[in-house]
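# A look at the structure
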Amino acid sequence: MDRSVENLQGMAAEGAGLLTMIEALRKDDTFLLTPLRLMHALMEAFGMPLREARNLLEDLGPDLRPLPQASEAEVEQKAQAVLSRYVTPLP
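Scope of this entry: the structure provided in the associated data block. (Residues numbered from 1 in each chain as written. Predicted model: local features only at pLDDT ≥ 70, side-chain atom pairs only at ≥ 80, totals over all residues. Heavy atoms only, no water.)

### Description of the pattern of salt bridges
This is how the line gets drawn: Whenever Lys or Arg places a side-chain nitrogen within 4 Å of a carboxyl oxygen from Asp or Glu, that contact is recorded as a salt bridge. Numbering goes from the N terminus for both helices and strands, where a helix is a DSSP run of H or I of at least four residues and a strand is a run of E of at least two. Type-normalised accessible area, obtained with a 1.4 Å probe on protein chains alone, sets the label of each residue: buried when under 20%, exposed when over 50%, and partly exposed for intermediate values.
Tallying each qualifying case throughout the model produces five salt bridges. Residues E23 and R26 are paired through a salt bridge, measuring 2.2 Å at the closest nitrogen-oxygen approach. Taken together, the positions of E23 and R26, both in helix 2 (residues 18-27) and three residues apart, correspond to about one turn of that helix. By relative accessible area, which is 31% here, E23 ends up partly exposed.

What follows is the structure, encoded as structure tokens:
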């Protein structure tokens, strides 16, 4: 498991939202951020099926930023509903 994936796990356990995790990957020089790579990282980090990883990207454009018709809050709410099944928050 690479460092970027481990970082996603830790960030999610600390309560970071999907958009925050995407921004962290965007800043990581060792990770080439694309929609496909993000889906793979989510699947590897959280053990989620491809369909759920893909569903998290529905409201994001190819640059992985929210589409005009989707607010950041909507993206995060949808992501939280999915990620909560896979992430154990830190106490």
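### Observations concerning unusual backbone geometry
The phi dihedral of L64 falls on the positive side, at around 65°, and the residue is not glycine. Along the chain, L64 turns up in the loop between helix 4 (50-56) and helix 5 (72-83). What makes L64 buried here is its relative accessible area of 3%.

### A short note on the nonpolar core
Note the following rule: In this text, buried Ala, Val, Leu, Ile, Met, Phe, Trp, Tyr and Cys residues form a nonpolar core when linked through side-chain atoms within 4.5 Å. Residue contacts are counted whenever heavy atoms from the two residues lie within 4.5 Å of one another.
Judged by nonpolar contacts, the single largest core of 30 residues is most densely connected at L42, F46 and L56. Going through the elements one at a time, helix 1 (3-13), helix 2, helix 3 (35-46), helix 4 and helix 5 are the ones with two or more residues in this core. The dominant element in this core, judged by the number of residues it contributes, is helix 3, at six residues. Each residue touching L42, except ones within four places of it in the same chain, is listed here: L18, G47, M48, A53, L56 and L57.

### Topic: the side chain of D28
What counts is decided by this rule: Counting of polar contacts relies on pairs of N or O atoms within 3.5 Å, with two restrictions inside protein: one atom must be capable of donating a hydrogen and the other of accepting it, and residues adjacent in sequence are counted only when both atoms are side-chain atoms.
As for its position among the elements, D28 is in the loop between helix 2 and helix 3. A polar atom in the side chain of D28 sits 2.5 Å from the side chain of T30. Ignoring anything within four residues of it in the chain, the contact list for D28 reads R3 and S4.

### Comments concerning the environment of P89
Position of P89 relative to the elements: it lies in the segment after helix 5. Expressed as a C-alpha distance, the spacing of P89 and G10, which sit 79 residues apart in the sequence, is 9.2 Å.

### Remarks on the packing of helix 2 against helix 5
Keep this limit in mind: Axes here refer to lines fitted to C-alpha atoms; in helices the fit is confined to the stretch in contact. Angles between the N-to-C directions go from 0 to 180 degrees. To sort the angles, those under 35 degrees are grouped as roughly parallel, those over 145 as roughly antiparallel, those from 65 to 115 as roughly perpendicular, and the leftovers as oblique.
Helix 5 packs onto helix 2 with a crossing angle of 95° between their chain directions and a minimal axis gap of 8 Å. The orientation of helix 2 with respect to helix 5, classified from their angle, is roughly perpendicular. Two secondary-structure elements touch here, helix 2 through L18, L19, T20 and M21 and helix 5 through E72, V75, E76, A79 and L83.

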